[in-house]
Amino acid sequence: QQPVQSPQAVILREGEDAVINCSSSKALYSVHWYRQKHGEAPVFLMILLKGGEQKGHDKISASFNEKKQQSSLYLTASQLSYSGTYFCGTETPKGDYKYIFGTGTRLKVLA
Amino acid sequence: GAGVSQSPSNKVTEKGKDVELRCDPISGHTALYWYRQRLGQGLEFLIYFQGNSAPDKSGLPSDRFSAERTGESVSTLTIQRTQQEDSAVYLCASARTGGREQYFGPGTRLTVT
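Small disclaimer: the values here were computed from a predicted structure and weren't measured. Note on numbering: residues in each chain are counted from 1, in written sequence order. Lettering for chains starts from A, numbering for ligands starts from 1, and both go in the order in which the items are written. In view of the model being predicted, local features appear only for residues whose pLDDT reaches at least 70, and side-chain atom pairs are presented and counted only at 80 or more, with totals across whole chains, interfaces and linings using the full set of residues. No hydrogens and no water enter the side-chain calculation; it runs on all heavy atoms of the structure.

1. Examining the overall build of chain B
Alright, step 1. Put simply, DSSP H or I for four residues or longer makes a helix, DSSP E for two residues or longer makes a strand, and each gets a number counted from the N terminus. A tally of helices and strands in chain B yields zero helices and 10 strands.
Alright, step 2. In chain B, the order of α-helices and β-strands from amino to carboxyl end is β-β-β-β-β-β-β-β-β-β.
Alright, step 3. The globule rule puts the C-alpha radius of gyration for 113 residues at 13 Å, and the 13 Å found for chain B is close to it.
Alright, step 4. Along the first, second and third principal axes, the C-alpha set of chain B runs to 40 × 25 × 25 Å.
Alright, step 5. Here the term buried applies to any residue with accessible area under 20% of the maximum for its type, exposed to any over 50%, and partly exposed to those in between, with areas from a 1.4 Å probe on protein chains only. Taking all 113 residues of chain B together, 48% fall into the buried category.
Alright, step 6. The contact criterion used is simple: two residues touch if any of their non-hydrogen atoms lie within 4.5 Å. Restricting to contacts in chain B with at least 6 residues of sequence separation, those with at least 24 account for 54%.
Alright, step 7. Residue-level accessible areas treat just the shown protein chains as cover; the underlying method is Shrake-Rupley with a 1.4 Å probe. A total of about 5400 Å² of accessible surface is found on chain B, and carbon and sulfur atoms cover 44% of it. Here the globule rule reads 2.2 Å times residues to the power 0.38, and the radius of gyration is calculated from C-alpha atoms.

Shown next as structure tokens:
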């Protein structure tokens, strides 16, 4: 029931790209992404409501494939500030505003 | 404006004691969520309040856990007869009516000795 994220952890050099995947065994209404820095609260990145839609902000974007029940987060030209743990949150087709969060992906960007 | 606040920030308690954790959501936010995060783990859904509707308690792990919310304001998460496995950070989040973006508080770190 909990969405599975991959990879579990990734280490990058500044300027490199990364993709984080979120896969659910159930149909989804929406997916959202959060980043949590060590010892801090999670911070909202973006939400995707429509299948196939891709949203982005600066160099972070995401896609949502309803049929495959998957979402991917794309980090382009990574910066040191991107380090943290990324969580996807999935909402059931009922659209009931209740989210189940994924297993998390630890990202570390090195200078 | 002010964000979500939680108190206390840290709580150390002895096994078997009861604890109360408080969450003050952002003013005007009708939705309020509680999550548990064990060390190095993900966010585990506990309970969801939306306005005056009956809360969704489906994530509460046992009957030792309960939560209340008065209207659209403060919420209290109570853990009775605490166990060592209850040790975790308890996070509260709020959201606007019809909004899906959740704003998280700083959390309460609970340690049961």
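2. Quick look at the state of the cysteines
Alright, step 1. What counts as a disulfide here is a pair of cysteine sulfur atoms lying within 2.5 Å. Per the counting criterion, the structure on display carries two disulfides over all chains.
Alright, step 2. Through a disulfide, Cys22(A) is tied to Cys88(A); the S-S separation comes to 2.0 Å. Taking the torsion about the S-S bond as the criterion, the Cys22(A) to Cys88(A) disulfide, at about 70°, is right-handed. Taken together, the residues span a long stretch of sequence, with Cys22(A) in strand S3 (residues 18–23) and Cys88(A) in strand S9 (residues 84–91) at a distance of 66 residues.
Alright, step 3. Given a relative accessible area of 3%, Cys22(A) falls into the buried group.
Alright, step 4. Cys88(A) sits in the buried class, given a relative accessible area of 0%.
Alright, step 5. Between Cys23(B) and Cys92(B) runs a disulfide, and the two sulfur atoms are separated by 1.8 Å. Across the S-S bond linking Cys23(B) and Cys92(B), the dihedral sits near -60°, which makes this disulfide left-handed. On the criterion of sequence distance, the pair formed by Cys23(B) in strand S3 (residues 19–24) and Cys92(B) in strand S8 (residues 88–95) is long-range, its members being 69 residues apart. Grouping residues by exposure puts Cys23(B) and Cys92(B) together as buried.

3. Examining the pattern of salt bridges
Alright, step 1. We define a salt bridge as a contact between a side-chain nitrogen of Lys or Arg and a carboxyl oxygen of Asp or Glu at a distance within 4 Å. Applying the stated rule across the entire model yields six salt bridges over all chains.
Alright, step 2. The shortest N-O distance in the salt bridge between Lys98(A) and Asp56(B) comes to 3.5 Å. Separated into two different chains, Lys98(A) in the loop between S9 and strand S10 (99–101) and Asp56(B) in the loop between strand S5 (44–50) and strand S6 (65–69) make up a pair that spans both.
Alright, step 3. Glu14(B) is the partner of Lys17(B) in a salt bridge, and the nearest nitrogen-oxygen pair spans 4.0 Å.

4. Regarding the interface of chain A and chain B
By convention, interface size is frequently given as the accessible area that disappears when the constituent parts associate.
Alright, step 1. Taken together, the contacts link 20 residues of chain A with 19 residues of chain B.
Alright, step 2. When the two sides are added together, the surface that chain A and chain B hide from each other amounts to roughly 1600 Å², 58% of it contributed by carbon and sulfur.
Alright, step 3. Buried area is understood as the total, over both parts, of accessible area removed when two parts are fitted together, assessed with a 1.4 Å probe. Contact with chain B buries area across many residues of chain A, yet Tyr97(A), Lys98(A) and Phe101(A) alone supply 38% of it, more than any other trio.
Alright, step 4. Here chain A and chain B share two salt bridges between them.

Any link to function would need more than the numbers given here.
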